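Each chain is listed here by its residues.
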Amino acid sequence: VLVAPLDVVKIRLQAQSNPFSKGKCFVYSNGLMDHICVCENGDSKAWYKKPGHFKGTLDAFVKIIQIEGIKSLWSGLAPTLIMALPATVFYFTCYDQLSDALKSKLGKDDDYIPVLAGSLSRFGSVTLVSPLELVRTRMQSRQLSYQQLYLCVRGEVARDGWLSLWRGWSSTVLRDVPFSAIYWYNYERFKKVLCKKVGADESTFFIAFTSGAASGSIAAVITLPFDVVKTHRQTELWESETLKIPQRNSTSVWAVLRRIVAKNGVTGLFAGIVPRLSKVAPACAIMISTYEYGKTFFRHLNEKRTSTL
């Protein structure tokens, strides 16, 4: 909810410098989930189709609020929440459960527990929501009733098998699993160091927020090449399936990686580093700090209830 306006502004700035042609798609990302949107030159009121005359980020914020109202800064929030909520619930629950299980077997001080727990929980989360992403993409591509959508998915499964629902899964895993491994490893280490420095027995909101922002930034930079590859594959797959644009080149992860390097050099693999950091750092900080604070709050509440019984 808090980082959504950053995405709206980013897409609007991108749209004015490089206008989307009719029928083209782009990837809308809030740092947590990705959403493929189609661009049409019609009378639709979608925020990414509006013309822009913005001089910069601050100017865009001011003009969007003045001309379209403050609500426009949260356009596109619904699909983000629909996908992010189940994925995040599954992800954090699995991480906590796996961490506890691994600590009981390997010992509490094992530095690799966050790496294992983070990787496995993200792997499960990505696998769980991958079919939902495909279904959502189909619904965004054209107006379909639920019956039409069901028939469309059933026809694809009959033609290509159940595994067709997990198309694009590999590039998501290659980005998100290393991200989670790096993120949780650094987060737990930063949290221990900061707790020790301030003399706190458990993590405070500020410690969790700072650790989350720092570890999220490090993970975002290291895994950015795979994020760029995922964006290319996602867009190519969408255009092939919905716009019937034939794919002339291989869309494997390594083939896309080679094409990007051949066309734009190694720096092409780190395209969009500033907007990615501007979203991922606060998103990670907000998520982990509110999550840790919530756990601490309810643990103390339960302890208080137990002591009064």
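What counts as what
- Residues numbered from 1 in each chain as written.
- Predicted model: local features only at pLDDT ≥ 70, side-chain atom pairs only at ≥ 80, totals over all residues.
- Heavy atoms only, no water.
- UniProt positions renumbered as here; feature names shortened; annotations may be inferred.
- Helix = DSSP H or I, 4+ residues; strand = E, 2+ residues; numbered from the N terminus.
- Buried < 20%, exposed > 50% of the residue type's maximum accessible area, 1.4 Å probe, protein only.
- Polar contact = N/O pair within 3.5 Å; in protein donor to acceptor, adjacent residues only side chain to side chain.
- Contact = heavy atoms within 4.5 Å.
- Expected span 1.5 Å × (residues − 1).
- Patch = residues over 30% accessible without salt bridge, like charges linked within 9 Å, V, L, I, M, F, W, Y side chains within 5 Å.
- Areas by Shrake-Rupley, 256 points an atom, 1.4 Å probe, with all protein chains shown as cover.
- Salt bridge = Lys/Arg side-chain N within 4 Å of Asp/Glu carboxyl O.
- pLDDT = per-residue confidence, 0-100.
- Phe/Tyr/Trp six-rings, centres within 6.5 Å; stacked < 30°, edge-to-face > 60°.
- Axes fitted to C-alpha atoms, helices over the stretch in contact; angles between N-to-C directions.
- Left-handed = near helix turned anticlockwise from the far one by under 90°.
- Nonpolar A, V, L, I, M, F, W, Y, C, P; charged D, E, K, R; others polar.
- Core = buried A, V, L, I, M, F, W, Y, C linked by side-chain atoms within 4.5 Å.
- Domains from an automatic or database assignment.

The chain has the name Mitochondrial glutathione transporter SLC25A40 in an unreviewed UniProt entry, where Eudromia elegans is given as its organism. If you open the UniProt record of the chain and go to Subcellular location (unreviewed entry), you find "Mitochondrion inner membrane". The chain has a UniProt comment under Catalytic activity (unreviewed entry) that states "glutathione(in) = glutathione(out)".

### Thoughts on the side chain of glutamate 188
Tracing the backbone shows glutamate 188 in helix α6 (residues 169-198). Relative accessible area serves as the criterion here: at 18%, glutamate 188 is assigned to the buried category. Polar side-chain contacts of glutamate 188 include one of 3.0 Å to the side chain of tyrosine 95. In this structure, glutamate 188 is in contact with Tyr95 and Pro114, ignoring residues within four places of it in sequence.

### Quick look at helix α9 (residues 253-264)
Owing to its 3.6 residues per turn, the α-helix brings residues three or four apart onto one side. Taking 1.5 Å per residue as the helical rise, α9 with its 12 residues ought to reach 16 Å, and the 16 Å between its terminal C-alpha atoms agrees with that figure. Among all positions of α9, only Val253, Ala255, Val256, Leu257 and Ile260 are buried. Two residues or fewer past α9, glycine 265 is found with a positive phi of approximately 80°.

### Side note on helix α10 (residues 273-308)
Compared with an ideal rise of 1.5 Å per residue, which puts 36 residues at 52 Å, α10 spans 52 Å between its outermost C-alpha atoms and is within 8% of the ideal. Those residues of α10 that fall on the buried side of the exposure criterion are Arg276, Lys279, Val280, Ala281, Ala283, Cys284, Ala285, Ile288, Ser289, Glu292 and Thr296.

### Comments concerning a nonpolar patch on the surface
A contiguous nonpolar patch, built from Val1, Ile65, Ile70, Trp74, Leu81 and Leu85 and spanning about 540 Å² of accessible area, is present on the exposed surface. Its location among the elements puts isoleucine 65 in helix α2 (residues 57-68).

### Here's the deal with the confidence of the model for the chain
Residue-level pLDDT values for the chain average 79, and 72% of them are 70 or greater. Mean pLDDT in the chain bottoms out at strand β2 (residues 34-38), which sits at 66, and peaks at helix α7 (residues 205-222), which reaches 93.

### Remarks on the packing of aromatic side chains
Overall, the coordinates contain 12 aromatic pairs when judged by the stated rule. An angle of 75° between the planes, with centres 5.2 Å apart, marks the rings of tyrosine 183 and tryptophan 184 as edge-to-face. Overall, tyrosine 183 belongs to the buried group, its relative accessible area being 5%. Classification of tryptophan 184 by relative accessible area gives buried; the value is 1%.

### Focus: the pattern of salt bridges
Throughout the structure, instances matching the rule amount to 8 salt bridges. With a shortest N-O distance of 3.2 Å, aspartate 59 and lysine 63 are connected by a salt bridge. Of this pair, aspartate 59 and lysine 63 both sit in helix α2, 4 residues apart, which is roughly one turn of that helix. Of the charged contacts, one joins lysine 295 and aspartate 96 as a salt bridge, the two residues approaching to 3.4 Å between their closest N and O atoms.

### Topic: the packing of α6 against α7
For any two helices packed against each other, one specifies the crossing angle of their axes together with the interaxial distance. Contact geometry for α6 and α7: axes closest at 8 Å, N-to-C directions at 145°. In this structure, the crossing between α6 and α7 has a hand that is right-handed. For the pair α6 and α7, contact is made by Phe179, Ile182, Tyr183, Asn186, Tyr187, Phe190, Lys191, Leu194, Cys195 and Val198 and by Ile207, Ala208, Thr210, Ser211, Gly212, Ala214, Ser215, Gly216, Ile218, Ala219, Ala220 and Ile222, respectively. Within the contact of α6 with α7, the residues separate by chemical class into 15 nonpolar, 6 polar and 1 charged.

### So, the nonpolar core
Taken as a class, soluble globular proteins show a tendency for nonpolar side chains to be buried jointly. Ranked by internal contacts, the top residues of the largest apolar core, which has 17 residues, are Phe179, Tyr183, Trp184 and Ile288. Of all the secondary-structure elements, those providing two or more residues to this core are α3 (77-106), α4 (113-141), α6, α7 and α10. Split by domain, the residues of this core number at least three in each of domain 2 (76-167) and domain 3 (203-308). Setting aside anything within four residues of it in sequence, one finds isoleucine 288 in contact with Phe92, Tyr183, Trp184, Tyr187, Ala208 and Gly212. Val229, Val253, Val256 and Ile260 belong to the second-largest nonpolar core, a separate cluster that totals 8 residues.

### Remarks on the side chain of serine 203
Note that serine 203 resides in the loop between α6 and α7. Serine 203 has contacts with Lys191, Cys195 and Ala208, leaving out every residue within four places of it along the chain.

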